[in-house]
Structure formats: structure tokens, C-alpha cells
Amino acid sequence: PLLATPYNEGWPALSPDGRWLAYQSDESGQAEVYVRAFRGSGAKVIVSQNGGAEPVWSRDGRELFYRGVGPQGTPLIATTLQTTPELRVLSRTPLFDLGEYEGATPHANFDIAPDGRNFVMVHQGKLSEIVMVQNWTEDVRRLSAAPR
């Protein structure tokens, strides 16, 4: 086992250089994001504050993003980490609210574009809106018979 503790752990994310493992654990009594060395020993560092899940590394491994918990919503948090001489959190910056975006288990349901400037996420539809398509087989026949 990668982690064998009595706590609930999930959302593993290996850093791009393969040295660090980010994950979510309820060791503190609530879900938080932690980082520890992937191989070997060393202390784990709690990255989130007041709750966190779904960690995702930036392509260069300098930032760790996670789904946080805030007083007015669910912020996406960008965390800057220092890995030498020891692992520590330098900053935590809320970026925007994730309230309208789908979360997932046991993996993150978002990713960072290779340019490091954009995110890919699954947006929730309006729960109060239903779209009903009637006679859809006729539409398929009509569209497949249309000249191209």
C-alpha cells in the first residue's frame, strides 16, 4: 500500500518530477490536502486550511491546486510550495469559486492546461431546467438523409 493509515485518504496526485505525493486525508478530523515525499521518509505537510480535496499539480510542479472550503463557497486554491531545503507552503491564493463545477471521487475533476494559465472543468447544468427531445428518431433520419 502507498498509504496505510487508519484514516480515509484519496485523490492521490504525484508531482511532475515524481518526488512528491499530494493527497487528501481526514487525519485532522476533516478532509485536508497533504504533501509528503513519494519515496523515502520525511514529514508530511498540511497544505490546505479549513478543508480541502482534489489536489492537482501545475505542469512545472511549483504550484498545487485544490478544492477548498470557504465561508461563501468552494474556492479553487493555488498553493505555492517550496521543496528545498524542506517542504513548506509559501502562499495560498483563492482563485475563483467552484460551486458550479462538478467535483469527483476518487480523482480530481479538473486539470490545468499545459500553458499553466487555463483550467479544464466540468460545469454543472441548471438543476431547475429539463430538456426533453421528442421524436428524436425522426431527427436522426432527417439529418442522416440530408445531402452533404
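By convention here, each chain's residues receive numbers from 1 onward along its written sequence. It should be noted that, the model being predicted, local features are given only for residues of pLDDT at least 70 and side-chain atom pairs only at 80 or more, the latter also being counted only at that level, while totals for whole chains, interfaces and linings use all residues. Water and hydrogen atoms play no part in the side-chain values, which are based on all heavy atoms of the structure.

Participant: Can you help me understand the sheet that holds strand β6 (residues 63-68) in this one?
Facilitator: Spatially, four strands are ordered β5-β6-β7-β8 in an open sheet, and the strand pairing comes out antiparallel. Pairing within the sheet leaves two strands with one partner each, and these edge strands are β5 (52-57) and β8 (88-97). For this sheet, the mean inter-axis angle between neighbouring strands, taken without regard to orientation, is 25°. Strand pairing is defined by DSSP finding a minimum of two bridges between the two strands. Helix and strand labels come from DSSP, where a helix needs a run of H or I of at least four residues and a strand needs a run of E of at least two; each type is numbered from the N terminus. Sheet analysis places β6 next to strand β7 (residues 75-82), joined by five bridges and oriented antiparallel. The partner of Glu63 across the bridge, within β7, is Thr80. Each axis is a line fitted through C-alpha atoms, taken for helices only over the stretch in contact, and angles between the N-to-C directions span 0 to 180 degrees.

Participant: So what exactly am I meant to see when it comes to a nonpolar patch on the surface here?
Facilitator: A residue counts toward a patch only above 30% relative accessible area and without a salt bridge, and it is joined to like-charged neighbours within 9 Å or, for Val, Leu, Ile, Met, Phe, Trp and Tyr, to nonpolar neighbours within 5 Å. Shrake-Rupley sampling with a 1.4 Å probe provides the accessible areas, and residues are treated as covered by the protein chains on show and by no other component. Each reported salt bridge corresponds to a side-chain nitrogen of Lys or Arg within 4 Å of a carboxyl oxygen of Asp or Glu. Judged by side-chain polarity, Val133, Trp136 and Val140 come together as a nonpolar surface patch covering roughly 330 Å² of accessible area. Exposure categories follow from relative accessible area, calculated using a 1.4 Å probe and restricted to protein chains: below 20% of the type maximum is buried, above 50% is exposed, and the middle band is partly exposed. On the accessibility criterion, Trp136 (55% relative accessible area) is exposed.

Participant: Looking at this model, I keep getting lost on the pattern of salt bridges. Mind explaining?
Facilitator: Once their charged atoms are close, side chains differing in charge can pair, the charge on each being opposite to the other. In the structure shown here, the tally under the stated rule is six salt bridges. In this structure, Glu27 engages Lys44 in a salt bridge whose closest nitrogen and oxygen atoms are separated by 3.5 Å. Here Lys44 lies in the loop between β3 (32-37) and β4 (45-46) and Glu27 lies in the loop between β2 (20-25) and β3, a separation of 17 residues in the sequence. By relative accessible area, which is 30% here, Glu27 ends up partly exposed. Lys44 sits in the partly exposed class, given a relative accessible area of 38%.

Participant: How should the nonpolar core be read in this particular structure?
Facilitator: The tendency in soluble globular proteins is for nonpolar side chains to be buried side by side. In terms of nonpolar packing, the biggest core is built from 15 residues, with Trp20, Ala22, Val35, Val47, Trp57, Leu64 and Leu81 touching the most fellow members. Only β2, β3, β6 and β7 provide two or more residues apiece to this core. Tallying contributions element by element places β3 first for this core, with three residues. Here Trp57 is in contact with Ala13, Leu14, Ser15, Pro16, Trp20, Ala22, Val35, Glu63, Leu64, Leu81 and Ile112, once residues within four sequence places are set aside. By convention a nonpolar core is built from buried Ala, Val, Leu, Ile, Met, Phe, Trp, Tyr and Cys residues, the set being connected through side-chain atoms within 4.5 Å. By size, the runner-up hydrophobic cluster in this structure holds seven residues, among which are Val56, Leu76, Phe110 and Ile112. Two residues qualify as a contact provided that any one of their heavy atoms is within 4.5 Å of a heavy atom in the partner residue.

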